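This is what each chain is made of:
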Amino acid sequence: MQRHLISAADLTRDDAVLILDTAEEMARVADRPIKKLPTLRGRTVVNLFFEDSTRTRISFEAAEKRLSADVINFTAKGSSVSKGESLKDTAQTLEAMGVDAVVIRHGASGAPYRLATSGWIDAHVINAGDGTHQHPTQALLDAFTMRRRLVGPDAGLGKDLDGRRVTLVGDILHSRVARSNVDLLHTLGAEVTLVAPPTLLPVGVETWPCEVSYDLDSTLTKSDAVMLLRVQRERMNAAFFPTEREYSRRYGLDGDRMAKMPDHAIVMHPGPMVRGMEITAEVADSGRCTVVEQVTNGVSVRMAVLYLLLGGAEPAVTHARPTEEK
Amino acid sequence: MSKTLIRGAKVLGGEPQDVLIDGTTIAEVGTGLSAEGAEVVEAGGKVLLPGLVDLHTHLREPGREDSETVLTGTRAAASGGYTNVFAMANTFPVADTAGVVEQVWRLGQESGYCDVQPIGAVTVGLEGAKLAELGAMHESAAGVTVFSDDGKCVHDAVIMRRALEYVKAFDGVVAQHAQEPRLTEGAQMNEGVVSAELGLGGWPAVAEESIIARDVLLAEHVGSRVHICHLSTAGSVEIVRWAKSRGIDVTAEVTPHHLLLTDELVRSYDPVYKVNPPLRTERDVLALREALADGTIDIVATDHAPHPHEDKDCEWAAAAMGMVGLETALSVVQETMVDTGLLDWAGVAERMSFKPAKIGQATGHGRPVSAGEPANLTLVDTEYRGRVDPAGFASRSRNTPYEGRELPGRVTHTWLRGKATLVDGKLT
């Protein structure tokens, strides 16, 4: 494992599988009466959020607290940042208070990379989403969810997603979730197809390790997982698509379309969902939709990442591990 | 008057010759010239060029003296071998009146390191809506002949047409920063494979090319000449080549950084590589070099754009666009054009002195190295190779993309009308 987690593309297959396996152990902790491990006792983690994202921040906070870390939450609004303080000064101020790791969410692509590589601070940096670049823990929790559902919690240990067919639908152009997922799923051996109107695909997507299609219906029948991405309504004002209704008709997932998917296939969404836009209520509330599980899994995966980056060689969980099949 | 004998210099890269400066002019060029009464500079096979002329410099004064002043900028110019720089109009206040251009011109006169020719804004406040008083700026003491909204594009086709027509009355030229504004909203870097991966807003080549195509057609229609600033794409080269073949009166410039660097460098997210127009691809770089060699692109201009440290020591999106360039331009041109065999030193003199002076109608600059001409000269040690160290820059700013990079060539001496402004690499 590296010192930081900036991009899903930085993870090797073995790194990624190790995180997923560790997350399985962490998930078992959640089933205990006391959901807390002493692993990061005495370590301080700051959640440095320059963008509003309550759900991601809470997920990290839950993960940090379950590992017994001391947690500091910093939001840009109302802070020195709103008075013009630079990212560098903010980060150095926090580090001067003795922070071991910085979990950063920032609107500017590359901000976590700058934080990790510019010599500004020594702390571990974990990217909690930067601009339209990367959101690696989201990709990890998505992969974790897929492995659990498509392979199995125990059967999946030590395994990747070899040959699983994953379709990502929606605003690829503006999506850090899409970029992270393409990178990680490719590393884990999955076959990825992106589906979007051509306006919402970046120029240059042809070099990504995935297929691209403009036609949702033809990909549904050959998908093991379909992940819908949020489409912001304001995009139509910039002429990315004509109307909300047209988008829904062409790229939204409703009950009829879901019926075309193989029986075992799951529907995923990183949230927040725009019901009626990219997903209908019928699909969102169906048993095939993993959106709530993804939230639960997010805590386990973030615990695994924090533990592996910060915890060192100590075993995370002190119960007997199930025997892995070699 | 003082005399200086430059002994054994390869004039424009030719056979070694002696050049005698008497007062402000070149008195004699030949071999075995007498050193009597003259201070001798042993050139020892260094290359002697006419003083370089930069048609595109940001001196930042008035308004942003924290990044550069006319004095520090002209010292940087002398260090880089320049004797004349054209100062862009995007200062605070904007150089859109006779008063501001005269102020910049006067500051240049006072500096004594390099002549400063102010460029006037095309439109009031660079806002693209209303023509600035172009005639008044031309008639001022600054004698403005080049007009540009550089930093912003004169995007309105009617305003551009009128500006092209209007400056014909006094043989002015409009230098266009070609950037279609709607296609570049939120643009952070070249749009392509790298931007897709990095999640940075794309600045598509077509945003430059469509404006150049429009403007060469406008120039043809109204019978004006037009100059294209910092051309950066292979497609732009094709359009300018086509326009020239049609007899359209268009000239174009390329920056040193677009001849050397590509958007792959942006993977570092280091804003030192953030510039407008953005760094493009390897294919573009090669097309630009070829076009500069074959004359499709007329000149090299630095687009020297100083910024204070804090404007680059931040995340990419928050950073300012631009790079300093005066002190590294000739080295980059040697690296990309001379050492690659694309240009000889006479070709460099044409593209970095004669032609830019001609486009900007500079008087006394861009003249041949021969008897009777003003002694504006640059001596270059072309055998030198060394790493770029921004700590040694004369510019007030340090935002160079070449820090630590090994480059060839070093300007050792610069003379402005016979007065040495740089001696053995040190400013006087």
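See the structure printed just above.
Treat the numbers as computed from the prediction; the structure is a model and nothing was measured.

S.K.: Requested: an account of the overall build of chain A, with residues and values cited.
M.R.: For chain A, the count of helices and strands is 11 helices and nine strands. Each principal axis of the C-alpha distribution contributes one length, and for chain A these read about 55 × 55 × 35 Å. Counting all 326 residues of chain A, 48% fall into the buried class. Excluding contacts between residues fewer than 6 apart, the proportion of contacts in chain A whose partners are at least 24 apart in sequence is 77%.

S.K.: Hey, could you go over the sheet that holds strand S1 (residues 44-49) of chain A for me, with residue numbers and the actual values?
M.R.: Residue and element names in this part refer to chain A. If you trace the four strands from one edge of the open sheet to the other, you get S2-S1-S3-S4, paired in parallel fashion. The open sheet is flanked by strand S2 (70-75) and strand S4 (124-130), the only strands paired with a single partner. Pairwise comparison of adjacent strand axes, ignoring direction, gives a mean angle of 15° for this sheet.

S.K.: I'd like a rundown of the nonpolar core, residues and numbers included.
M.R.: Within the largest apolar cluster, 228 residues are counted, with the highest numbers of intra-cluster contacts made by A:Val102, A:Ala143, A:Val226, B:Leu48 and B:Phe147. In terms of residues, this core owes the most to one element, helix H11 (residues 291-310) of chain A, which gives seven residues. Those residues in contact with A:Val102, other than ones at most four positions away along the chain, are A:Val46, A:Leu48, A:Ala91, A:Leu94, A:Leu115, A:Ala123 and A:Val125.

S.K.: Tell me what's going on with the pairing of strand S16 (residues 377-387) of chain B, and back it up with residues and numbers.
M.R.: As paired elements, strand S5 (residues 47-50) of chain B and S16(B) share four bridges and run antiparallel to each other. When the bridges of S16(B) are listed, B:Leu49 appears paired with B:Thr378.

S.K.: So, the interface of chain A and chain B: which residues are in play, and what are the values?
M.R.: Between chain A and chain B, the contact holds 20 residues from the first and 17 residues from the second. Here the side of chain A that touches chain B takes three residues from helix H4 (residues 111-117) of chain A, the largest share from any one element. Here the residues of the side of chain A that touches chain B sort into seven nonpolar, nine polar and four charged.

S.K.: Let's hear about unusual backbone geometry: which residues, and what values?
M.R.: Residues and elements named next belong to chain B. With an omega of 0°, the peptide bond between Phe-92 and Pro-93 qualifies as cis. Position of Pro-93 among the secondary structure elements: in the loop between strand S7 (82-87) and helix H2 (98-111). Here Leu-126, not a glycine, exhibits a phi torsion of approximately 60°, which is positive. Exposure remark for Leu-126: the 22 C-beta atoms within 10 Å place this residue in the buried category. Of note in the backbone geometry, Asp-424 takes a positive phi value of approximately 50° without being a glycine. Residue placement: Asp-424 occurs in the loop between strand S18 (419-423) and strand S19 (426-427).

S.K.: Got a sec to walk through the pairing of strand S3 (residues 25-30) of chain B? Specific residues and values, please.
M.R.: On any regular strand, side chains alternate: one points to one face of the sheet, the next to the other face. Residue and element names in this part refer to chain B. Examined bridge by bridge, strand S2 (residues 16-22) and S3 share five bridges and lie antiparallel to one another. Paired with Asp-22 across the strands is Thr-25, a residue of S3. Between the antiparallel neighbours S2 and S3 lie two residues, among them Gly-23 with a positive phi of about 65°.

S.K.: Residue-level account of helix H6 (residues 205-222) of chain B, with values.
M.R.: Residues and elements named next belong to chain B. Over its 18 residues, H6 extends 26 Å from the first C-alpha to the last, a length consistent with the 26 Å expected when each residue adds 1.5 Å. If you check which residues of H6 are buried, you get Ala-205, Ala-207, Glu-208, Glu-209, Ile-211, Ile-212, Asp-215, Val-216, Leu-218 and Ala-219. Where H6 is buried, its residues meet helix H4 (157-166), strand S10 (173-176), strand S12 (202-203), strand S13 (226-228), helix H7 (234-245) and strand S14 (250-254). Looking one or two residues past H6, Gly-223 carries a phi angle of roughly 70°, positive in sign.

Conventions we followed
Residues numbered from 1 in each chain as written. Chains lettered and ligands numbered in written order. Predicted model: local features only at pLDDT ≥ 70, side-chain atom pairs only at ≥ 80, totals over all residues. Helix = DSSP H or I, 4+ residues; strand = E, 2+ residues; numbered from the N terminus. Buried ≥ 20, exposed ≤ 12 C-beta atoms within 10 Å, placed from the backbone. Contact = placed C-beta atoms within 7 Å. Pairing = 2+ DSSP bridges. Axes fitted to C-alpha atoms, helices over the stretch in contact; angles between N-to-C directions. Core = buried A, V, L, I, M, F, W, Y, C linked by C-beta atoms within 7 Å. Nonpolar A, V, L, I, M, F, W, Y, C, P; charged D, E, K, R; others polar. Expected span 1.5 Å × (residues − 1).

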